[in-house]
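# Structural characterization, general
One letter stands for each residue in the lines below.
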Amino acid sequence: EVQLVESGGDLVQPGGSLRLSCAASGFTFGSYWMHWVRQVPGKGLVWVSRIHPDGRRTSYSDSVKGRFTISRDNTENTLFLQMTSLRVDDTAIYYCARDGGGWAWGQGTLVSVSS
Amino acid sequence: FMLTQPHSVSESPGKTITISCTRNSGRIASNFVQWYQQRPGSAPTTVIYEDKRRPSGVPDRFSGSIDSSSNSASLTISGLKTEDEADYFCQSYDGDIGVFGGGTKLTVL
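Let us look at the structure shown here.

Parameters at a glance
Residues numbered from 1 in each chain as written. Chains lettered and ligands numbered in written order. Predicted model: local features only at pLDDT ≥ 70, side-chain atom pairs only at ≥ 80, totals over all residues. Heavy atoms only, no water. Core = buried A, V, L, I, M, F, W, Y, C linked by side-chain atoms within 4.5 Å. Buried < 20%, exposed > 50% of the residue type's maximum accessible area, 1.4 Å probe, protein only. Helix = DSSP H or I, 4+ residues; strand = E, 2+ residues; numbered from the N terminus. Contact = heavy atoms within 4.5 Å. Phe/Tyr/Trp six-rings, centres within 6.5 Å; stacked < 30°, edge-to-face > 60°. Disulfide = S-S within 2.5 Å. Pairing = 2+ DSSP bridges.

Judged by nonpolar contacts, the single largest core of 26 residues is most densely connected at W36(A), L79(A), L81(A) and Y94(A). Looking at this core, the elements that each hand over two or more residues are β3 (18-25), β4 (34-39), β5 (45-51), β7 (68-73), β8 (78-83), β9 (92-98) and β11 (109-113) of chain A. Element by element, the count of residues in this core is highest for β3(A), at four residues. Apart from the residues lying within four places of it in its own chain, the contact partners of L81(A) are L18(A), R19(A), L20(A), W36(A), V48(A), F68(A), T69(A), I70(A) and Y94(A). Ranked by size, the runner-up nonpolar core spans 23 residues in total, among them C21(B), W35(B), A73(B) and L75(B).

Structure representation (structure tokens):
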């Protein structure tokens with residue numbers, strides 16, 4: 001069974017940093033593109049970033065480019081999102097998702113940016 | 001580009017509904033379209049991928065299609081059940097960038 005478990009969400013002040021993790025199991029992690037998607041509670045889904053299976057190709061939405069960095073450790077079956085220069089409008093639930101054969105989604109982790 | 005969905009739809013149990021997802025520039029057939037269901041308080045799940053494929057476990061009441069003439073994708077749910085009440089989001093790609101539609105709230109009453 002595919003499982004994706006996000007962690008690392010927290011309350012952080014504007015300008016701060018946070019690293020999210022997504023622990024994967026139940027599939028060959030190093031064979032799949034992975035994504036981060038965020039959602040303000042009660043609002044729509046917003047794509048954030050994705051990473052190639054080998055970790056060498058990444059892409060970002062304009063709203064996070066230059067501030068967020070996606071990475072992965074295929075030996076530990078873990079996806080990361082390093083978030084810096086956080087802003088109030090980065091407040092959201094952050095989901096990781098596995099691409100291929102229909103995305104598989106984690107349950108999300110809440111990031112709150114507030115002073 | 002943007003993907004535009006109706007804000008909400010409602011229908012009675014047992015009926016059929018179709019949710020549209022219109023691409024405002026570029027061809028809808030240029031990139032696969034996926035559809036996600038999100039029930040209140042839960043994470044999204046995939047109901048359709050690659051325009052019309054169903055993940056295992058998704059009932060065949062759910063179907064997807066592409067219409068090049070209207071440059072849109074559609075999600076059709078037949079034999080509506082109360083459990084289908086949820087938000088539905090379409091998704092595609094603009095090169096390397098993911099794009100989501102704004103979501104459609106389906107009410108089954």
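There's plenty left to go through after this.
Okay, the packing of aromatic side chains next. What the rule picks out here adds up to nine aromatic pairs over all chains. Plain terms: the ring middles of W103(A) and F100(B) are 6.1 Å apart, the flat faces sit at 85 degrees to each other, and that makes the pair edge-to-face. Taken together, the residues W103(A) in the loop between β9 and β10 (104-105) and F100(B) in strand β9 (residues 97-100) connect one chain to another. A relative accessible area of 5% means that W103(A) is categorised as buried.

Next up on the list: the state of the cysteines. In this structure the tally under the stated criterion is two disulfides over all chains. Linked covalently through their sulfurs, C22(A) and C96(A) form a disulfide whose S-S length is 2.0 Å. Every disulfide takes its handedness from the sign of the S-S torsion; for C22(A) and C96(A) that torsion is 55 degrees, giving right-handed. Of the two residues, C22(A) sits in strand β3 while C96(A) sits in strand β9, which places them 74 residues apart along the sequence. Among the residues examined, C22(A) registers a relative accessible area of 0% and is labelled buried. Residue C96(A) is classed as buried on the basis of its relative accessible area of 0%. Residue C21(B) pairs covalently with C90(B) via a disulfide, S to S 2.1 Å. Residues C21(B) and C90(B) share a disulfide whose torsion about the S-S bond is about 75 degrees; that sign makes it right-handed. Within this pair, whereas C21(B) is found in strand β3 (residues 17-23), its partner C90(B) is found in strand β8 (residues 86-94), the two being separated by 69 residues in sequence. On the basis of relative accessibility, which here comes to 0%, the residue C90(B) falls in the buried class.

Residues and elements named next belong to chain B. Counting buried residues along β8, seven of its nine residues qualify, which places the element largely inside the surrounding structure. Relative to β8, strand β4 (residues 34-38) runs antiparallel, the two being bridged by five bridges. Looking at the pairing, Q38 lines up with D87 of β8. Judged from the three bridges that link them, β8 and strand β10 (residues 104-108) form a sheet pairing that is antiparallel. Bridging from a neighbouring strand, D87 pairs with K105 of β10. Here β8 runs beside β9; their pairing, made up of four bridges, is antiparallel. The residue of β9 that forms the bridge with S92 is V99.

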